[in-house]
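For reference, the chains in residue letters:
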Amino acid sequence: LIGKTAYDVLPQKIAEDFQRTSRQVLDEGNENVVPEYAMPDKNGNQIVISVVRVPYRDSNGKIIGMVGAGIDITAIKMAANLNADLLKENRTLTHGLYKAQEEERSHLARELHDELGQWLTAIQAEAQVIFNSTGGQSKIQDSAQSISKSASSVHEVIRGMLRHLRPSML
């Protein structure tokens, strides 16, 4: 690069920007940091560089020049973009997993409620019919009451399972 101008090594627009910001560093005495600067390389491929320019001062503090460095961060930028894409894909997959879990929980809750709930209600109703038609036979009435209580207990267990499958927050 010795003996070449920005216009010799950079595209016109980028060279103009380089010259303008370099002039600012020299005139104002402030450093200039460009964390990401996209530009084409000599083959026309897009690269990303990070550029830092600082004024160079003599022992009296007078600006006598400028020191700068540019680092090709294309690989780092590509890795960061890939990481962002993978993170987005991970979030999508996690969302899909939670959605599938909720659908399965909902399906199980419906099955427990609709199928088992109806059968248990039918068992309780039949136990009541048996109880009412025994004509005072205490052994049969006791058995019918026991069947009804057991069905009620199973019904309560199912209600608890339904609460766990479909918490009220959901």
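Residues numbered from 1 in each chain as written. Predicted model: local features only at pLDDT ≥ 70, side-chain atom pairs only at ≥ 80, totals over all residues. Heavy atoms only, no water.

A look at the overall build of the chain
Looking only at helices and strands, the chain has four helices and three strands in total. Shown N-terminal to C-terminal, the secondary structure of the chain runs as helices and strands in the order α-α-β-β-β-α-α. Whereas a compact globule of 170 residues would reach a radius of gyration of roughly 15 Å, the chain reaches 39 Å, over 25% beyond that. Overall, the chain is about 115 × 40 × 20 Å in size when its C-alpha atoms are taken along their principal axes. Relative to all contacts within the chain whose residues are 6 or more apart in sequence, the contacts with residues 24 or more apart total 43%. For the chain, the exposed area adds up to about 12,900 Å²; of that, 56% sits on carbon and sulfur atoms. (Helix = DSSP H or I, 4+ residues; strand = E, 2+ residues; numbered from the N terminus. Rg over C-alpha atoms; globule rule 2.2 N^0.38 Å. Contact = heavy atoms within 4.5 Å. Areas by Shrake-Rupley, 256 points an atom, 1.4 Å probe, with all protein chains shown as cover.)

A closer look at helix α4 (residues 138-165)
Given a rise of 1.5 Å per residue, 28 residues ought to cover 40 Å, and the 40 Å separating the end C-alpha atoms of α4 matches this to within 8%. For α4, the full list of buried residues reads Q141, A144, S148, A151, H155, I158, G160, L162 and L165. Tucked into the core, α4 has its buried residues touching α3 (74-132). (Expected span 1.5 Å × (residues − 1). Buried < 20%, exposed > 50% of the residue type's maximum accessible area, 1.4 Å probe, protein only.)

What about the confidence of the model for the chain?
Low pLDDT marks regions whose predicted coordinates should not be analysed in detail. Here the chain averages 89 in pLDDT, and 98% of its residues register 70 or above. Across the chain, strand β2 (residues 46-57) holds the top mean pLDDT of 94, while helix α1 (residues 6-9) sits lowest at 87. (pLDDT = per-residue confidence, 0-100.)

Some remarks on the pairing of strand β1 (residues 32-40)
A regular strand carries its side chains on alternate faces of the sheet. Both β1 and β2 contribute to a ladder of seven bridges, which runs antiparallel. Note on β2: the bridge partner recorded for V33 is V52. Connecting β1 to the antiparallel partner β2 that follows it, the hairpin turn spans five residues, and G44 within it adopts a positive phi of roughly 90°. (Pairing = 2+ DSSP bridges.)

Some details on the side chain of T21
Along the chain, T21 turns up in helix α2 (residues 12-28). Apart from residues no more than four positions distant in its own chain, T21 is found in contact with N32 and R53.

Description of the side chain of S22
Inspection of the secondary structure puts S22 in helix α2. Among the polar contacts made by the side chain of S22, one reaches the main-chain carbonyl oxygen of F18 at a distance of 2.8 Å. Not counting residues within four places of it along the chain, the set of residues in contact with S22 comprises R53 and M66. (Polar contact = N/O pair within 3.5 Å; in protein donor to acceptor, adjacent residues only side chain to side chain.)

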